[in-house]
Amino acid sequence: INTINEWLRQHVKSDFNSNNPSEMEEIYSLFTRLKAKLPLTSIYNKDLNSSLLHEAAKAGFDVFIKNNASENIDWDVTNANKNTPLHLAAAGGHYL
């Protein structure tokens, strides 16, 4: 479990720390779904016009974003609800 926690902190979410296998699986599952749809500017949720960046920020995936962001990433892009990725991160209590 410590090895999984460390891997998730290094590749997905720097503040991840859980001994709950279900939570680890949930985080890893979302990570693999997002990774398969890179780049971060890709639309992830068509109904909300939400990009991969929006979804990663909402989940607090700071390391994932850092590792996959290009220099021209647009942090001001809004989804259908007029939320930016940083709005979603803050609403979830995440710091990016």
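Just above, that's the structure.
Criteria and thresholds
By convention here, each chain's residues receive numbers from 1 onward along its written sequence. Given that this is a predicted model, residues contribute local features only at a pLDDT of at least 70 and side-chain atom pairs are listed and counted only at 80 or more, while totals for whole chains, interfaces and linings are drawn from all residues. Note: side-chain values were computed over all heavy atoms of the structure, leaving out hydrogens and water. Going along the chain from the N terminus, every DSSP run of H or I of four or more residues is numbered as a helix, and every run of E of two or more is numbered as a strand. For the radius of gyration, the atoms used are the C-alpha atoms, and the globule rule reads 2.2 Å times the number of residues raised to 0.38. Buried residues are those whose accessible area, probed at 1.4 Å on protein chains only, stays under 20% of the maximum for their type, while exposed residues exceed 50% and partly exposed ones sit between those limits. When checking whether two residues touch, look at their non-hydrogen atoms; a contact exists if any pair is within 4.5 Å. Only the protein chains shown count as covering a residue, and every accessible area follows the Shrake-Rupley method with a 1.4 Å probe. For this count, His and the chain ends are skipped, Lys and Arg are scored as positive, and Asp and Glu as negative. Note on charges: their place is set at NZ of Lys, CZ of Arg, CG of Asp or CD of Glu. Pairs of N or O atoms are called polar contacts if they sit within 3.5 Å, as long as, within protein, a hydrogen donor faces a hydrogen acceptor (for residues adjacent in sequence, only side-chain-to-side-chain pairs). Salt bridges are defined as contacts in which a side-chain nitrogen from Lys or Arg sits within 4 Å of a carboxyl oxygen from Asp or Glu. Between the rings of Phe, Tyr and Trp (Trp by its six-membered ring), a pair exists once the centres lie within 6.5 Å; its type follows the angle of the planes, with under 30 degrees stacked, over 60 edge-to-face, and the other angles tilted.

The next point concerns the overall build of the chain. Within the chain, the secondary structure is distributed over five helices and two strands. Shown N-terminal to C-terminal, the secondary structure of the chain runs as helices and strands in the order α-α-β-β-α-α-α. For 96 residues, the compact-globule estimate of 2.2 N^0.38 gives 12 Å, and the C-alpha radius of gyration of the chain, at 13 Å, lies within 12% of that figure. With the C-alpha coordinates aligned to their principal axes, the bounding extent of the chain is approximately 40 × 25 × 20 Å. Burial statistics for the chain: of 96 residues in total, 35% are counted as buried. The long-range share in the chain, meaning contacts at least 24 apart out of those at least 6 apart in sequence, stands at 48%. Split by element, the accessible area of the chain, about 6000 Å² in all, is 48% carbon and sulfur. For the chain, the centre of its 9 positive side-chain charges and the centre of its 11 negative side-chain charges are spaced 4 Å apart.

Turning our eyes to something else, we now look at the side chain of Asn 79. Of note, Asn 79 is situated in the loop between helix 4 (62-68) and helix 5 (85-91). The class of Asn 79 is buried, set by a relative accessible area of 5%. Side-chain polar atoms of Asn 79 contact the backbone nitrogen of Asn 81, separated by 2.9 Å. Once you skip the residues sitting within four places of it in the chain, Asn 79 turns out to touch Leu 48, Asn 49, Ser 50, His 54 and Leu 88.

Inspection of the entire model under this criterion finds one salt bridge. Linking Arg 9 and Glu 6 is a salt bridge whose minimum nitrogen-to-oxygen distance equals 2.9 Å. With a gap of three residues between them, Arg 9 and Glu 6 both fall in helix 1 (residues 2-11), about one helical turn apart.

Further remarks concern the packing of aromatic side chains. Taken as a whole, this structure holds five aromatic pairs when the rule is applied. Centre to centre, the rings of Trp 7 and Phe 31 are 5.4 Å apart; their planes meet at 85 degrees, and the pair counts as edge-to-face. A residue pair is termed long-range when its members are at least 10 positions apart, and Trp 7 in helix 1 and Phe 31 in helix 2 (residues 21-35) qualify at 24 residues. When the ring of Tyr 28 is compared with that of Phe 31, the centres are 5.9 Å apart and the planes differ by 40 degrees; the resulting orientation is tilted. With Tyr 28 and Phe 31 both in helix 2, this residue pair falls three residues apart, about one helical turn. A network of ring pairs unites the aromatic residues Trp 7, Tyr 28, Phe 31, Phe 61 and Phe 64 as a single cluster.

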